[in-house]
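Remarks on the overall topology
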Amino acid sequence: MTQMNTNYLKLQGSYLFSTIGKKVAAYKEHHPEKKLISLGIGDVSQPLVPAVIEALHKAVDEMGQQSTFRGYGPEQGYAFLREAVAKHDYQDHQIGINPDEIFISDGAKSDVANFQELFSADTKVALQDPVYPVYLDTNVMAGRTETFSNGRFGGIVYLPCLEENHFVPQIPKEHVDIIYLCSPNNPTGTAMTREQLAVWVEYALEHKSILLYDSAYEAYITQADVVHSIYEIPGAEKVAVEFRSFSKTAGFTGTRCAYTVVPKSVRVVDPEGGKHNLHSLWLRRQTTKFNGVPYIVQRAAEAVYSPLGQTQIRQVIAGYLQNAHTILLALEKAGLTAYGGENAPYIWLKTPHGLASWDLFDRLLEEVQVVGTPGVGFGTHGEGFFRLTAFNTPEQTKEAAQRIAMLKF
Ligand code: PLP
């Protein structure tokens, strides 16, 4: 029989969301009269904005006309969208990123998952704990990890993000080749300041490492000292790849569009010491394995940058941030400590009296019928924390907040 890739056997089953699902289903069965509210979802609740819908309709009509029909497009994305991204997200902010350094894709998830294949099998990987699980699991699949014990894979350098260090990853003692950084962060909802990020850029320049910077929640940044792009930090263009997405910025979770910036100045080395552009490798990877994002979706993403599109998406984001504020106030009323929610749609709640994350899950479900996500599901250092999201509707969020505010611990 055909042999399997045994690295898949090493994957720690993501029981998190299935366990939550089972607990919620069991509760509903025993209490059919109770109304549950989920603050656990990582998906948006608001529809696409009118400017995007209009662009979609127009592009659909073009696809039905002989003269404007499009078949396969460029794998890296149409020039109109790459130019719009380069101008609005970089050049207008005095960042020298060019359209040909931007790769349009169907999601930040696939890009952060696929990017690791450009590096050798013995590349030393560092990632935050707690963490968005895709970074770890894709390195497990690629065979970069050793045995798993006590919640940790050998071969991976974990960067603890704790209350003591304000959830900011600290420079590791050993050398690492690639470092996944996520800011604003899922799940902690906190964001690294310019100064904190500059430390990592300096590390990468000194150690000839590469930073894989996931900024899927960039649009939620409100604080002035939090950078919107890693390329605002001098030298980052030599060591950093940036991932961004239209998912949480413009409600594209079901429409699928994102982009990755690979500056031409980022270099990797072969075993003989020859230098190569990471950009050329990614271009080769994408043109071989990916056939581009639908034309109609790219036109929809382009509309996000129109003045009307910007006004409309900013309103939606402001609504989610208002939800986050509502949740934070309720937690404060209940006497609970919480982080995040100011530059991200996530709130990282500290469990009271050292309760385990799953125990808090049970109490919230049973006492106030609010569903969240136990922090331990995102890594060992997520224990003792609980993630709430701001993506539900304002009505549901207010109702959940009122219930939480009544909790007594
Ligand atoms: N990166 C982070 C940190 C996320 O939280 C998510 C989605 O939850 C993604 C990437 C995936 O984004 P996309 O919808 O573009 O694949």
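Computed from a prediction, not measured in an experiment: that's the story for all the values here.

All chains considered together, the criterion is met by 25 aromatic pairs. With a centroid separation of 5.4 Å and an interplanar angle of 80 degrees, the aromatic rings of Y78 and Y295 are classed as edge-to-face. Of the two residues, Y78 is situated in the loop between α3 (50-63) and α4 (79-90) and Y295 in helix α11 (residues 295-304); the sequence distance between them amounts to 217 residues. The same class applies to Y78 as to Y295, namely buried. Centroid distance F167 to Y339: 5.0 Å. Interplanar angle 65 degrees. Geometry classified as edge-to-face. Of this pair, F167 sits in the loop between β6 (156-160) and β7 (178-182) while Y339 sits in strand β13 (residues 338-340), and the two are 172 residues apart along the sequence. We classify F167 as buried; its relative accessible area is 3%. In this structure Y339 comes out as partly exposed when scored by relative accessible area, which is 24%.

Here we come to the side chain of D89. Mapped onto the elements of the fold, D89 is located in helix α4. Here Y259 takes part through its side chain, which lies 2.6 Å from a polar atom of the side chain of D89. Not counting chain neighbours up to four residues away, the residues in contact with D89 comprise A84, R244, Y259 and Y305.

Before going further, it helps to examine the pairing of strand β17 (residues 385-389). When you tally the buried positions in β17, you get 5 out of 5 residues, the bulk of the element. With burial as the criterion, each face of β17 is covered, one bearing F385, R387 and T389 and the other bearing F386 and L388. Summarising the sheet, strand β14 (residues 346-350) and β17 pair through 5 bridges and their orientation is antiparallel. Paired with K350 across the bridge in β17 is F385. Sheet topology places strand β16 (residues 373-374) next to β17; 2 bridges connect them, and they run antiparallel. Its bridge partner lying in β17, T373 is registered against R387.

The next point concerns the domain arrangement of the chain. Frequently, the measure chosen for interface size is the accessible area removed from exposure when the parts meet. Taken domain by domain, the chain comprises domain 1 (6-47 + 309-406) and domain 2 (52-306). Measuring from the centre of the C-alpha atoms in domain 1 to the corresponding centre in domain 2 gives 26 Å. In this assembly, 34 residues from domain 1 lie in contact with 44 residues from domain 2. Of the roughly 3,300 Å² buried between domain 1 and domain 2 on both sides combined, carbon and sulfur atoms contribute 57%. Where domain 1 packs against domain 2, one counts 1 salt bridge. Run the count over domain 1 and domain 2 and you get 18 residue pairs in polar contact (both at pLDDT 80 or more). Broken down by secondary-structure element, the contributors of at least two residues to the side of domain 1 that touches domain 2 are α1 (7-10), α12 (307-333), β13, β14 and β17. The biggest single contributor to the side of domain 1 that touches domain 2 is α12, with 7 residues. Looking at the side of domain 1 that touches domain 2 residue by residue, the class counts come to 15 nonpolar, 13 polar and 6 charged.

Let us look at a nonpolar patch on the surface. The grouping of M4, Y8 and L9 at the surface amounts to a nonpolar patch, some 340 Å² of accessible area in total. For M4, the location among the structural elements is in the segment before α1.

Our focus in this paragraph is the pattern of salt bridges. A side chain with one charge may pair with a side chain of the opposite charge, provided their charged atoms come close. Here the structure, examined in full by the defined rule, presents 14 salt bridges. The closest approach of N and O atoms between K264 and D100, which form a salt bridge, is 2.6 Å. Here the residue K264 occupies a position in the loop between β10 (258-261) and β11 (267-269), and D100 occupies one in the loop between α4 and β2 (102-105), the gap between them amounting to 164 residues. Residue classification places K264 among the partly exposed residues on the basis of a relative accessible area of 36%. Judged by relative accessible area, D100 falls into the partly exposed class, the value being 33%. In this structure, K350 engages E163 in a salt bridge whose closest nitrogen and oxygen atoms are separated by 3.0 Å.

What counts and how
Residues numbered from 1 in each chain as written. Predicted model: local features only at pLDDT ≥ 70, side-chain atom pairs only at ≥ 80, totals over all residues. Heavy atoms only, no water. Phe/Tyr/Trp six-rings, centres within 6.5 Å; stacked < 30°, edge-to-face > 60°. Helix = DSSP H or I, 4+ residues; strand = E, 2+ residues; numbered from the N terminus. Buried < 20%, exposed > 50% of the residue type's maximum accessible area, 1.4 Å probe, protein only. Polar contact = N/O pair within 3.5 Å; in protein donor to acceptor, adjacent residues only side chain to side chain. Contact = heavy atoms within 4.5 Å. Pairing = 2+ DSSP bridges. Domains from an automatic or database assignment. Buried area = accessible area lost by both parts, 1.4 Å probe. Salt bridge = Lys/Arg side-chain N within 4 Å of Asp/Glu carboxyl O. Nonpolar A, V, L, I, M, F, W, Y, C, P; charged D, E, K, R; others polar. Patch = residues over 30% accessible without salt bridge, like charges linked within 9 Å, V, L, I, M, F, W, Y side chains within 5 Å. Areas by Shrake-Rupley, 256 points an atom, 1.4 Å probe, with all protein chains shown as cover.

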